[in-house]
Amino acid sequence: MKLEYLKSRTYNFVCSTLWVGVHYPLDVLVGAFIGITSAVIIYFTVPKLTIITSIISKYESIEKVITSKFLEAEKSKV
């Protein structure tokens, strides 16, 4: 449902910018191509980078500490 909503909003935005004359059709096609290409490259590249996985694991460990302290503080209030 949400995907269909986003598709319709995107279609309406593209058509309105073309109709008003803000962009040429080739501008819209090239922009879509650049966006899709960069998204695919990032989707396949980022998980393979070791620095990204190490940053995510450190973030998750810090998040566990913060949430445990927050839950302890909430329990002590009650």
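Residues numbered from 1 in each chain as written. Predicted model: local features only at pLDDT ≥ 70, side-chain atom pairs only at ≥ 80, totals over all residues. Heavy atoms only, no water.

*Asks:* Got a minute to help me understand the overall build of the protein chain in this structure?
*Replies:* A count of helical and extended segments in the protein chain gives three helices and zero strands. Reading the secondary structure of the protein chain in the N-to-C direction produces α-α-α. Taken against the 2.2 N^0.38 rule, which gives 12 Å for 78 residues, the C-alpha radius of gyration of the protein chain at 22 Å runs more than 25% over that of a compact globule. Taken as a whole, the protein chain presents about 7500 Å² of accessible surface, with 72% of it coming from carbon and sulfur. Computed over 9 positive and 6 negative side-chain charges, the inter-centroid distance for the protein chain is 3 Å. (Helix = DSSP H or I, 4+ residues; strand = E, 2+ residues; numbered from the N terminus. Rg over C-alpha atoms; globule rule 2.2 N^0.38 Å. Areas by Shrake-Rupley, 256 points an atom, 1.4 Å probe, with all protein chains shown as cover. Lys, Arg positive; Asp, Glu negative; His and termini not counted. Charge placed at Lys NZ, Arg CZ, Asp CG, Glu CD.)

*Asks:* In this structure, what is going on with the environment of Ser57? I would like to understand it.
*Replies:* Counting through the fold element by element, Ser57 comes out in helix H3 (residues 50-77). With a relative accessible area of 39%, Ser57 lands in the partly exposed category. Between the C-alpha atoms of Ser57 and Lys75, which are 18 residues apart in sequence, the distance is 27 Å. (Buried < 20%, exposed > 50% of the residue type's maximum accessible area, 1.4 Å probe, protein only.)

*Asks:* Would you mind showing me how to read the side chain of Thr17 here?
*Replies:* Within the element layout of this structure, Thr17 appears in helix H1 (residues 2-20). In contact with Thr17, not counting residues within four places along its chain, are Val22 and His23. (Contact = heavy atoms within 4.5 Å.)

*Asks:* Please clarify how the packing of aromatic side chains should be interpreted in this entry.
*Replies:* The geometry of an aromatic ring pair comes down to the distance between the two centres and the angle between the two planes. One pass over the full model with this rule turns up one aromatic pair. Aromatic side chains Tyr43 and Phe44 sit 5.1 Å apart centroid to centroid with 80° between the ring planes, which places their arrangement in the edge-to-face category. (Phe/Tyr/Trp six-rings, centres within 6.5 Å; stacked < 30°, edge-to-face > 60°.)

*Asks:* For this particular structure, what's the right way to read the confidence of the model for the protein chain?
*Replies:* The predicted structure's coordinates, where accompanied by low pLDDT, should not be read in detail. Predicted confidence across the protein chain gives a mean pLDDT of 85, with 97% of residues reaching 70 or more. When pLDDT is averaged over each helix and strand of the protein chain, the minimum, 80, is found for H1 and the maximum, 90, for helix H2 (residues 25-45). (pLDDT = per-residue confidence, 0-100.)

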